[in-house]
Amino acid sequence: MTWISCSIYVAIRCIIRNGIFDITTLPTINLTFLGIAGGFVSFFLAFFANQSYGRFLEQFNNSQRIMGKIMHVCYLGRNILPKHELWRLVRYLNAAHVLGYCGLSQTYNETNTFYPINENEKLLTKWEVDRIQEIGLDNGSKCFNEVICWAIDVLDQSGPACESDKQPLKNEVLSLADLVGGLYSFDEQPFPLIYLHTLFLMTAIYMPLMSYTLAVNFVVKATNSILEEIFGAMLLTMFLLFTVGLIALGKFFMNPNGDDLNDLSVLDYVHSTIMASRRVISGQVMPASNVELEMALEKDRSSKGKDRHSPSR
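These remarks concern the structure in this document. Note that the coordinates shown come from a computational prediction; the quantities given were computed from them, not determined experimentally.

The next subject is helix α10 (residues 266-282). Residues lying three or four places apart along an α-helix face the same way, a consequence of the helix completing one turn every 3.6 residues. Taking 1.5 Å of rise per residue, 17 residues should cover 24 Å, and α10 covers 25 Å from first to last C-alpha, within 8% of that figure. Taken together, the buried residues of α10 touch α2 (31-77), α3 (83-104) and α4 (110-121).

Listed below in structure tokens is the structure:
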């Protein structure tokens, strides 16, 4: 439609400048009515781009919170679960993180995402991978839900910690499942099709009309200078950039889990979370508090504070 609009403008200007027929014979469009139509189109375009960016931003925030939930389990589990059970729990959560995106987008599948990551990071055992294959790795959120159930089973079967101590960990795991479910909700409920068709139809009608009006009404004379023609072409270009740019921007933000360069960095999220979670679990647990040491440090801080506030001589 962009090239059609440009062709209409160029053709009419060439006809007018070459004097092929009298300009007064060309039909004119009421600028008031065209302005009203342009207001409606501008409103729909701005609303479409804004809503698309809102969906993009919320999905980005969900992805960041998913990473945070896995890290919260690592922070809390260090002093609640035996280390081998914590390793197993986080292994399942990182696997669920990968599987969630594999079931969500065709860009990330078992061949280019899950199997290479599982081979390098050893997230699931052979039996567990066989179970995932049995379910169907690209079959929506089913594999993700299966692994989340394994994580809950780990908490139910783990160590001597009482249930009240393990409940915060369960809450974090369930919150993670809710956040991934939110990503699937966006994927399953895109923009209403009738809204998109209405927007694109309005734009397809409005753009040629605007190009025609610019060619006939704005640059009227057949003897216009080259500079005036350039100004007219610049005005048309600005109008097309506004219209086509907002449509392209909205369509770009509609699917943030695709393969565009500016889409969400899913693989980076997965790898950085795996590395960070392992660093937290591998860290040393702080020794028990030493009363004498803490009192000596506090006394030293107090004495230095008095020295700083004492008047200089």
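Picking up where we left off.
Glancing now at the nonpolar core. With 55 residues, the main nonpolar core has L89, L93, L124, I132, V147, I148 and V173 as its most contacted residues. Counting only elements with at least two residues in this core, the list comes to α2, α3, α4, α5 (126-135), α6 (142-157), α7 (163-188) and α10. The element best represented in this core is α3, accounting for 12 residues. Non-local contacts of I148, meaning those with residues more than four positions away in its chain, are made with L93, A96, V173, L176 and A177. Core analysis: the next-biggest nonpolar cluster, separate from the first, contains 24 residues, Y9, L45, A49 and L196 among them.

Bringing the pattern of salt bridges into the picture now. Taken as a whole, this structure holds 8 salt bridges when the rule is applied. As a salt-bridge pair, E121 and R278 come within 2.7 Å of each other at their nearest N and O atoms. Within this pair, whereas E121 is found in helix α4, its partner R278 is found in helix α10, the two being separated by 157 residues in sequence. Residue E121 is classed as buried on the basis of its relative accessible area of 12%. Here K126 and D130 are joined by a salt bridge, their closest N and O atoms 3.2 Å apart.

Rules of the game
Residues numbered from 1 in each chain as written. Predicted model: local features only at pLDDT ≥ 70, side-chain atom pairs only at ≥ 80, totals over all residues. Heavy atoms only, no water. Helix = DSSP H or I, 4+ residues; strand = E, 2+ residues; numbered from the N terminus. Expected span 1.5 Å × (residues − 1). Contact = heavy atoms within 4.5 Å. Core = buried A, V, L, I, M, F, W, Y, C linked by side-chain atoms within 4.5 Å. Buried < 20%, exposed > 50% of the residue type's maximum accessible area, 1.4 Å probe, protein only. Salt bridge = Lys/Arg side-chain N within 4 Å of Asp/Glu carboxyl O.

Note that all results are geometric; they support no functional claim without further evidence.
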